[in-house]
Amino acid sequence: MTEAVTEVARPSALKEFWYYFRENRGAVIGLWVFAAFAFLALFGPWIAPHDPTAQFRDATLQPPFWQEGGSWTFPLGTDPLGRDMLSRLIVGARFSFFVGVVVVSIAATGGILVGLLSGFAPKWLDSVIMRIMDVILAFPSLLLALVLVAILGPSLTNAMIAIAIVLQPHYVRLTRASVLSERQKDYVTSAKVAGAGLPRLMFITVLPNCLAPIIVQAALSFSTAILDAAALGFLGMGAQPPTPEWGTMLAEAREFILRAWWVVTFPGLAILVTVLAINLMGDGLRDALDPKLKRS
Amino acid sequence: MLNYVLSRLFTFIPTFVGVTLISFGFIRVLPGDPIIVMAGERGLTAERYAELEAQFGFDRPIYVQFWDYLTGVLQGDLGNSFVTKRPVWDEFFSLFPATLELSTCAMIFAVVIGLPAGVIAAVNRGKLYDRLLMSTALIGYSMPIFWWALLLIIVFSGNLQWTPVSGRIDLIYYFPDPTGFMLIDSLSSGQKGAFTSAVRHLVLPTIVLGTIPLAVIARQTRSAMLEVLGEDYIRTARAKGLAPGRINGIHALRNALIPVITVIGLSVGTLLAGAILTETIFSWPGIGKWMVDSIFRRDYPVVQGGLLLIAVAVMVVNLTVDMLYGVINPKIRKR
């Protein structure tokens, strides 16, 4: 007698993920905005109508086109030095994007490695690592980043390093917690019994099963990184003028807030929209990746 | 309970030592010789250099220096500011009330609006109110607060002329400040208009600093409420015919408050980080502005001491929150 084979093909992980992600309309909008942001970051200099550092001396502080005195040559107006706001905003996208990518890569890689180590290490080493992370977390993130930049010297690179250091403990804690709960499970024991060595156990058996919360954290810290870098730029400790980084642009525009609203409004709006899009995406990712919420 | 308190205290001590180690290390990892940096552009003779080196103890082994630093810290000795020559400890505690006043107001603002917003959103899950409130909360959560501050200044100080742009009180008022809290001191001074002036100065910074905690509290309250509203005992309460207000307000909210209190406690770090930006923008004479100014002035003892005191303040608050958590949630003590 032959047994009827009733095998239903399991949807691929990506398809399943997309199915749940699509449910969340906000997340999809966030994804589109983020895609546009990434596009500007990659191709900004070719799209921008003007050179972002070119100074049009006879058109300083020109308002946007819909206000009196504005023109289509500078659709969003010009700053006090006569530079085109729109071009600066477009080209500025790449700095924020770059900050997000670099900070998340450094913080996540470091955090995952240390977290895995901590989860598998003997108790004393685990305690030492976690106490070190507690120490870093005891400082308000922006303050620690500010002090680190003061030590390293103000620049965008140093701001990124500082923010990565500050964000890294979150990854360590998250990875360690997942590792500790995964390690109890039968599949890990069976892999151990089958003779898997420690590196294989760490990276191939356990790590893929810990990734879901880490991916969500990565999305959320992408936005934190952009905000913190902009804040450092605003305090004069991040990217230095004339770099069209959005936070730095705000700092330069501060003294004109009561005379020229557009020099202050647009860079901040760019930061807000980008961060909002990423956070929307992060919420969608969490809903799609968190199996507990999926069932409800 | 005692075991729980002791075990929490036990993890506090190594973290404290670690924090002092970092603030101790700070001045030593700066590029260049700290004594040369202190001397500035005037330069030093070799004798004066040796004298200063002995005075600061840089000629002794590093572990001896750390031990001296640690014992100094425990006795409240954090060195003197390069700029004002006053002890860092005194400067910190003379400015701390300003930050505490601002943070407290911001936290009250965040809780008073955030908690009801979260409850309303949870009770109306999926409906218009929920969506509106949660979209607003997400915008607040994503807000670059330094920009938010500038926008509020443009609208309320620039266009409407309702609020002043900087400081804690109008300069025409002068009175002793026994508590350091402007609201209390202005009220007790009895001067006409002083209290109103203090309040008007406080409004915008409070909104700016409270925005992110407000958004976090609203989101957290909503998700905690949703979780609790799905529990069996809520269904029982409904089946018994209790009024919805009583169920939501007493049965559900009380239990939903446990995670919310943790979030409120953990927001203290966020508040202090936010205070750096808020105080700088509004020229609020508190710890945040003091730190930023000292960083720019290269006043290293202040940066070092301030870093340590702020971290310790955050740690103490977190410890307190943990203890409170143990009091309100007996389950956690057993672990």
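Residues numbered from 1 in each chain as written. Chains lettered and ligands numbered in written order. Predicted model: local features only at pLDDT ≥ 70, side-chain atom pairs only at ≥ 80, totals over all residues. Heavy atoms only, no water.

Participant: Account for the overall build of chain B, with residues named and values stated.
Facilitator: A count of helical and extended segments in chain B gives 13 helices and zero strands. Traced from its N-terminal end to its C-terminal end, chain B shows the element sequence α-α-α-α-α-α-α-α-α-α-α-α-α. Projected onto its principal axes, the C-alpha coordinates of chain B cover approximately 85 × 55 × 35 Å. For chain B, the proportion of its 335 residues judged to be buried stands at 49%. If you sum the accessible surface of chain B, you get close to 16,900 Å²; carbon and sulfur atoms cover 64% of it. Here chain B holds 27 positive side-chain charges and 22 negative ones, and the gap between their average locations is 17 Å. (Helix = DSSP H or I, 4+ residues; strand = E, 2+ residues; numbered from the N terminus. Buried < 20%, exposed > 50% of the residue type's maximum accessible area, 1.4 Å probe, protein only. Areas by Shrake-Rupley, 256 points an atom, 1.4 Å probe, with all protein chains shown as cover. Lys, Arg positive; Asp, Glu negative; His and termini not counted. Charge placed at Lys NZ, Arg CZ, Asp CG, Glu CD.)

Participant: So what's going on with the overall build of chain A? Which residues, and what values?
Facilitator: Each helix and strand in chain A was counted, giving eleven helices and zero strands. Listed N to C, the secondary structure of chain A is α-α-α-α-α-α-α-α-α-α-α in terms of helices and strands. Summarising its shape, the C-alpha atoms of chain A cover approximately 85 × 55 × 30 Å along the three principal directions. Residue burial in chain A is summarised as follows: out of 296 residues, 52% are buried. In chain A, the proportion of contacts linking residues at least 24 apart, taken out of those at least 6 apart, comes to 70%. When the accessible area of chain A is evaluated, it comes to approximately 14,300 Å², of which 64% is carbon and sulfur surface. (Contact = heavy atoms within 4.5 Å.)

Participant: Could you give an account of the side chain of B:Thr278, naming the residues involved and the relevant values?
Facilitator: Assignment of secondary structure puts B:Thr278 in helix α11 (residues 244–281). Contacts of B:Thr278, omitting those with residues within four sequence positions, involve B:Ile145, B:Pro205, B:Val208 and B:Leu209.

Participant: Pulling in residues and values, what's your account of the interface of chain B and chain A?
Facilitator: Residue-level contacts link 42 residues of chain B with 36 residues of chain A. Of the roughly 3,600 Å² buried between chain B and chain A on both sides combined, carbon and sulfur atoms contribute 83%. Put simply, chain B and chain A have one salt bridge between them. In this structure, B:Arg219 engages A:Asp283 in a salt bridge whose closest nitrogen and oxygen atoms are separated by 3.2 Å. (Buried area = accessible area lost by both parts, 1.4 Å probe. Salt bridge = Lys/Arg side-chain N within 4 Å of Asp/Glu carboxyl O.)

Participant: For unusual backbone geometry, give the residues involved together with the corresponding values.
Facilitator: Excluding glycine, a negative phi dihedral is what most residues carry, and trans is how most peptide bonds are arranged. A:Pro241 connects to A:Pro242 through a cis peptide bond whose omega is 5°. Within the secondary structure, A:Pro242 sits in the loop between α8 (198–234) and α9 (246–253). A positive phi angle, close to 65°, is found at B:Lys85, a residue other than glycine. Even without a glycine there, the phi angle at B:Ser283 is positive, about 45°. Relative accessible area serves as the criterion here: at 33%, B:Ser283 is assigned to the partly exposed category.

Participant: Let's hear about the pattern of salt bridges: which residues, and what values?
Facilitator: Pairing is possible between side chains of opposite charge, provided their charged atoms come close. All names here are of chain A. If you walk through the whole model with that rule in mind, you get 13 salt bridges over all chains. A salt bridge links Asp-79 to Arg-88, with the shortest nitrogen-to-oxygen separation between them at 3.7 Å. Among the residues examined, Asp-79 registers a relative accessible area of 6% and is labelled buried. Judged by its relative accessible area of 1%, Arg-88 is buried.

Participant: An account of the nonpolar core is requested, with residue identities and associated values reported.
Facilitator: Counting 142 residues, the largest nonpolar core has A:Leu232, A:Val263, A:Val264 and B:Phe146 as its most contacted members. For A:Leu232, the contacting residues outside a window of four places in its chain are A:Leu142, A:Ala145, A:Leu146, A:Val149, A:Ala159, A:Ile163, A:Met237 and A:Gly238. With 27 residues, the next largest nonpolar core counts B:Ala98, B:Leu214, B:Leu226 and B:Leu271 among its residues. (Core = buried A, V, L, I, M, F, W, Y, C linked by side-chain atoms within 4.5 Å.)

Participant: An account of the confidence of the model for chain A is needed here, citing residue identities and associated values.
Facilitator: The predicted model of chain A averages 84 in pLDDT, with 94% of residues at 70 or higher. Here helix α11 (residues 291–295) of chain A stands out as the least confident element of chain A, with mean pLDDT 50; helix α3 (residues 85–120) of chain A is the most confident, with 90. (pLDDT = per-residue confidence, 0-100.)

Participant: Mind laying out the environment of B:Val112, listing which residues take part and the relevant values?
Facilitator: As for its position among the elements, B:Val112 is in helix α5 (residues 88–123). By relative accessible area, which is 53% here, B:Val112 ends up exposed.

Participant: Outline the packing of aromatic side chains, supporting the account with residue identities and numerical values.
Facilitator: Describing an aromatic ring pair means giving the distance of the ring centres and the angle of the ring planes. Residues and elements named next belong to chain A. This structure, assessed with the given rule, holds 23 aromatic pairs over all chains. Ring geometry for Phe-37 and Phe-97: centres 5.5 Å apart, planes at 70°, overall edge-to-face. One end of the pair, Phe-37, is in helix α2 (residues 25–47); the other, Phe-97, is in helix α3, and 60 residues separate them in sequence. According to the relative accessible area criterion, Phe-37 is buried, its value standing at 6%. (Phe/Tyr/Trp six-rings, centres within 6.5 Å; stacked < 30°, edge-to-face > 60°.)

Participant: For the packing of helix α7 (residues 145–159) of chain B against helix α9 (residues 194–229) of chain B, give the residues involved together with the corresponding values.
Facilitator: Residue and element names in this part refer to chain B. Packing of α7 against α9 leaves a shortest axis separation of 10 Å and a crossing angle of 145°. The hand of the α7/α9 crossing is right-handed. On α9, the residues touching Ile-145, Trp-148, Ala-149, Leu-152, Ile-153, Phe-156 and Ser-157 of α7 are Leu-204, Ile-207, Val-208, Thr-211 and Ile-212. Its residues assigned to classes, the contact of α7 with α9 shows ten nonpolar, two polar and no charged. (Axes fitted to C-alpha atoms, helices over the stretch in contact; angles between N-to-C directions. Left-handed = near helix turned anticlockwise from the far one by under 90°. Nonpolar A, V, L, I, M, F, W, Y, C, P; charged D, E, K, R; others polar.)

Participant: Lay out the environment of B:Lys240 with the relevant residues and their values.
Facilitator: All names here are of chain B. Within the secondary structure layout, Lys-240 lies in the loop between α10 (232–239) and α11. On the basis of relative accessible area, Lys-240 is assigned to the exposed category, the value being 62%. In sequence terms Lys-240 and Leu-128 are 112 residues apart; their C-alpha atoms lie 29 Å from each other.

Participant: Any details on the packing of α2(A) against α3(A)? Residues and values, ideally.
Facilitator: Residues and elements named next belong to chain A. Running from N to C, α2 and α3 point in directions that differ by 115°, and their axes come no closer than 7 Å. In this structure, α2 crosses over α3, and the sense of that crossing is left-handed. Listed contacts from α3 to Phe-34, Phe-37, Ala-38, Leu-40, Ala-41, Leu-42, Gly-44, Pro-45 and Trp-46 of α2 are Ile-90, Val-91, Ala-93, Arg-94, Ser-96 and Phe-97. Its residues placed into classes, the contact of α2 with α3 shows twelve nonpolar, two polar and one charged.

Participant: Tell me about the environment of B:Phe66, residues and numbers included.
Facilitator: All names here are of chain B. Mapped onto the fold, Phe-66 is located in helix α4 (residues 62–74). Judged by relative accessible area, Phe-66 falls into the buried class, the value being 14%. Placed 116 residues apart in sequence, Phe-66 and Met-182 show a C-alpha to C-alpha distance of 38 Å. Among all residues touching Phe-66, those that are not within four sequence positions of it are Val-17, Thr-20, Leu-21 and Phe-24.

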